[in-house]
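# Understanding the architecture of this molecule
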Amino acid sequence: MTLAAFNDDVFRSEIRAWLATELTAILAEFPAVTPIHDLGLRRRFEDHLCQSGWSGLSWPATFGGRELPLLRQAIFYEEHARCGAPLPLNAIAHGILGPTLISYGTAEQQRRFLPKILSNEEIWCQGYSEPAAGSDLAGLQIRASREGDHYRIVGQKTWSSFAHLADWCFLLARTEPTTTRHRGISFLLVDMKSAGITVRPIRQMTGEADFNEIFFDDVLVPVANLVGGENEGWPIAMAAAAFERGSYFVPRLVRMQMELGELAKLAGETSRLGHASIDDPAFRDRLSRSFVDVYLLRLHAHQMLGRSLRGEAPGPESSYIKLAWSESHQRLLDLAMDIVGSDVALGPQEPAAARNGRWWQRDYLWSRAETVLAGTSEIHRNIIAERVLGLPR
Amino acid sequence: MKGGSMDFTTLSDEQDMLRDTARRALAEAVDKNALRAGAAADPAFVARTWSLAATMGWTGMLVPLAAGGLGLGFADAAVLCTEFGRALFPGPFAATAILTATLAGMQVAPGWRDGVLPAIATGRMRVATIGIEQLVETTATPQPGSRDSAERPDIVEYPHSATHFLSIARDGSTCRALLFPADAAGVSLTMWQPFDVTCPVGAVEFPGLDAAILRCDISQAQTAELLAASRIAAAAELVGVADAALDKAVAYSRERQQFGVPIGSFQAIKHRLADGFVLLENARTATRHAAAAQDARADDRSIAIDVARSCAVEAALRITADCIQVHGALGFSWEHDAHLYLKRARRIVGTLGDAHSARRSIGDLLAQVVQSGAGTLFPPIGPVQPAII
C-alpha cells in the first residue's frame, strides 16, 4: 500500500476542533499561570479525555477499547500533542499494563482492572527499578514469598513515576530465591492502599517530585493478582515494553517540532551582539541542525508507522529513535538556554520565566532525564551494537 | 512522475532486486586490490568496469525506454548510486548517468536528447564534467589574490577515460553547457595527483568553442533540477560509502582479538559503531525520501534534499573516519581499504557541497519563515503523504 492512504482529514479536523474546545474549557478551571506540566492539570485533562471515550484507542472492542486503526491512533496522538495538551499521568496503565492484561491476564483480572483504566478512575505506577537494579533490571532483589493464597512482599522499588498518586502498582518481584537473573521473577499487581506500603517522593533537579521510592514491609498480595505463571514474569515485562512504542514517540516528536518553532520565534525576538539571535550565524546553524534532527525524527516515525501498516515486525528503530530523540531534544534545549541568555537566572517554576508560552528552563532541566529513563543512551547503544550489528556481548 | 515508488519507508521488491544484483556484480567487477594499486588511472580498467554498467543497463537508468534506457526515477537511481558508492566504482557514473542524462532529457536544445541519451544508455558515451560547481548560484565574488581567482584550470574527475566533456559556465542566473568529444583535435590533458586514488583528476584544455558538438543555455529552473539531481546522487553515493565502511568496521571488530576477546565486545567500540549505525540510518532514510520527493516534484523537495545531503555528509565523514580508528594501525596502512572510503567521502563532500552549506540554506529558510511570520516551518512531509506529523 502507498502511504497516501495515511490521509484521514475528516477524522483529523474533527478531533482537532474537539480537543481545542475541551482544552480551553479545562484550562479555564485553573489559574492563568498554571504550567502545562502541573500534575493536577494533567490528571484533570486525562480524566476528561477518558470519560469522553478517548482511551483504549488500540484495545480490542471486547475489552471496551476503541479498536481504532493504527493510522487514527497516530492522528489522535499527534493532534493531542499539537493542541498543546498536558501530557497524561496514567500513560503506563493505558499503554503498558492494559495491553499486558489483555494478552496475559486472567478473565477476572481483565474484568476487575481494565474498565477502571479506561475510565482513568485508577492510576497505576510501575515497580521495576530498585536501588541496586537500574539498567540491570534482571538483578532485582525484592522478594515475594508464597504463603498460602498470598505473596508476602519485602523490599524496595525506586524511580516510580507518580507512585504518590497511584492506586495500584504493577511490579516485578523475585518469587524463586534460589534462581538468579531472568528466571524466578513474577509479575504482580499490588494495591497501593495495602498495609506495609510507604511511598516517599524523590525531589528532582527540576524542583518537582514525579518519582518515588516505594517501601514494601510485609505487604500481602493475593495470588489472584499474579499475571501469567509464577516465575514467568520476565518475558511478560519484556513484551509489555514493546506495547509502548507508538504512543510514546509520536507525541514527543510533535512536541519537539512545536518547540523548535517556538524557539525559532524566540530567536527572532531576542538579540545577541546587536543582531536578532536568529541572524547570528552560530545560532542559525544550530537552529538548522535542530531542524534536521526534527525532520529526521518525522521520517523515522513515518517509517515505523509504514512498517506497522505493512504488518512487519518492529525493527531496531525503537532503540535508535529513542537515542536520536533524547539526544537531539537535549541539543535543542541546550540551544534554547543559549538563546534565553541571562533569563536563565529565573527558576524553572517562576512564571516570569515563561517565554513564548514555554517554560524553557524547566524543559531544559527535565531533558537531562530523557537520556536516562526508558533505557539509558548507553543501554540503547549496546542494544544497537549487539542486536543489530551483531557485536559480541 | 517517473517510475519509482512514492513510498520512501521501504524499498520495493524491484528495488531490492536491483540492489542485490548491483551489489553482487559490482563487487566482482571492481577489484579493490587493483584500485589501491592505482588501476583507476588506466583508461582500459575504467572502460572494462563501465561496460558492465552499460551491459546491465545502469548507465541508462534515467534514460526513457524509448531512447533505449531503463526509464527509472530517482528513487531507483539512488539505490544504484548507493551501490556504486559501496563498490568504489571508478568512473564518472553520476556525471554521465545522472547529470548529463538529466540535462539531455530536459531537451535543452535541439540535438541533445537524440544525440546524447541513446549513447549514454548503450555505454558509448562516458562524460566528465568541467565546472559542475558553477551550477550553484553564488553572489560572492572571488577575493583578488585568493586561490579562487588563481589561474589554475578547473579540476576534472576521470578526464583520462572520458569520451566526452560537459563544460558548464555560469552567466548570471542561468548557465551554459557545451559538449566536446574527448578525441577532438587539439584537446589536451594534464593529469594531477588525485586525493582519492579511485578518482583520477586532471585539467582539460580545448582548442576552441568550435570543437563543441552540442551547446545549450540552461534556465534557472533547469539549473535547479540539475543541482537537485546531482545532490541526490552524491548523497546516495555517500550512503553507499558509509555503509561499506561500517560493514568493514563491524566485521573487523568481531574478528580482531585483544586482551583475549574480540574488540567488538568493548563498549568503547560498540558505542562508536552504534552511533555510526544511527547516522547511517538517518542518511539512508533522508536520501530515500529526497529521491521520492524529487520523483514526485514535491513543492518542498529542496528542503528534503538539503536534509539528505546534510545527513549523508555527516554519516560518511564520521563513519569512514571511525572505520580507520577501529582498524587501528592497520587502518592507516595503504594496504587496507579503509583509506579508500575516507578519501572518496571527502572528495564527494568537497565537490558537491558540505553539510554546512546544506544547513545554511535550511537556516535561511527558517529565518525567512520567522521574520515574515508567514508559511510553516514544517510543511507536511511530502510526497508520500501530507497527514502524519
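Our subject is the structure that appears above.
One structure accompanies this document, and this report is about it. On a predicted model such as this, the values are computed, not experimentally measured, just so you know.

Here is what the cut-offs are and how they apply
Residues numbered from 1 in each chain as written. Chains lettered and ligands numbered in written order. Predicted model: local features only at pLDDT ≥ 70, side-chain atom pairs only at ≥ 80, totals over all residues. Heavy atoms only, no water. Helix = DSSP H or I, 4+ residues; strand = E, 2+ residues; numbered from the N terminus. Rg over C-alpha atoms; globule rule 2.2 N^0.38 Å. Buried < 20%, exposed > 50% of the residue type's maximum accessible area, 1.4 Å probe, protein only. Contact = heavy atoms within 4.5 Å. Areas by Shrake-Rupley, 256 points an atom, 1.4 Å probe, with all protein chains shown as cover. Lys, Arg positive; Asp, Glu negative; His and termini not counted. Charge placed at Lys NZ, Arg CZ, Asp CG, Glu CD. Buried area = accessible area lost by both parts, 1.4 Å probe. Salt bridge = Lys/Arg side-chain N within 4 Å of Asp/Glu carboxyl O. Polar contact = N/O pair within 3.5 Å; in protein donor to acceptor, adjacent residues only side chain to side chain. Pairing = 2+ DSSP bridges. Core = buried A, V, L, I, M, F, W, Y, C linked by side-chain atoms within 4.5 Å. 1 Å grid on protein atoms, 1.4 Å probe; cavity = no way out; pocket = protein on both sides within 12 Å on 5 of 7 lines; lining within 4 Å. Points joined across faces, edges and corners; volume = space filled by probe spheres on them. Nonpolar A, V, L, I, M, F, W, Y, C, P; charged D, E, K, R; others polar.

Our next topic: the overall build of chain A. Looking only at helices and strands, chain A has 11 helices and 10 strands in total. Against the 2.2 N^0.38 benchmark of 21 Å for 393 residues, chain A shows a C-alpha radius of gyration of 22 Å, consistent with a compact globule. Overall size of chain A, expressed as C-alpha extent along the three principal axes, is 75 × 55 × 45 Å. Looking at chain A as a whole, 52% of its 393 residues qualify as buried. In chain A, 70% of the contacts between residues at least 6 apart in sequence involve partners at least 24 apart. Of the roughly 16000 Å² that chain A leaves accessible, carbon and sulfur atoms contribute 55%. When the 41 positive and 47 negative side-chain charges of chain A are each reduced to one mean point, those points stand 3 Å apart.

If you look at the interface, chain B gives 52 residues, while chain A gives 54 residues. Both faces considered, chain B and chain A share a buried interface measuring about 4800 Å² in area, 67% of it formed by carbon and sulfur atoms. At the surface where chain B touches chain A, the tally comes to five salt bridges. The partner of A:Arg284 in a salt bridge is B:Asp364, and the shortest N-O contact between them spans 2.7 Å. Our count for the chain B to chain A interface comes out at 15 residue pairs in polar contact (both at pLDDT 80 or more).

So, about the sheet that holds strand S2 (residues 156–157) of chain B. Residues and elements named next belong to chain B. Pairing within the open sheet is antiparallel, and its three strands lie in the order S2-S6-S5. The open sheet is flanked by S2 and strand S5 (188–192), the only strands paired with a single partner. Pairing between S2 and strand S6 (residues 201–205): two bridges, direction antiparallel. Paired with Glu157 across the two strands is Val201, which belongs to S6.

Attention shifts here to the nonpolar core. Core analysis: the biggest nonpolar cluster contains 131 residues, and B:Trp58 and B:Met61 have the highest contact counts within it. Tallying contributions element by element places helix H7 (residues 220–255) of chain B first for this core, with 17 residues. Here B:Met61 is in contact with B:Leu70, B:Gly71, B:Leu72, B:Ala77, B:Leu80, B:Cys81, B:Phe93, B:Ala97 and B:Ile98, once residues within four sequence places are set aside. In this structure, A:Tyr128, A:Leu137, A:Leu140 and A:Ile236 belong to the second largest nonpolar core, which totals 47 residues.

Residues and elements named next belong to chain B. Applying the stated criterion across every chain, the model contains three cavities of 30 Å³ or more. Contributing to the lining of the largest cavity are Arg231, Ala234, Ala235, Leu238, Arg309, Val313, Ile348, Val349, Leu352 and Gly353. Here the lining of the largest cavity takes four residues from H7, the largest share from any one element. Taken together, the residues of the lining of the largest cavity sort by class into seven nonpolar, one polar and two charged.

Time to look at unusual backbone geometry. Residues and elements named next belong to chain A. Its identity as a non-glycine residue notwithstanding, Trp159 has a phi of 55°, on the positive side. Checked against the element boundaries, Trp159 lands in the loop between strand S3 (150–157) and strand S4 (168–174). The residue Asp218 is not glycine, and still its phi comes out positive at about 55°. Assignment of secondary structure puts Asp218 in strand S7 (residues 211–222). Note on Asp218: relative accessible area 43%, which makes it partly exposed.

The analysis is restricted to geometry; functional conclusions fall outside its scope.
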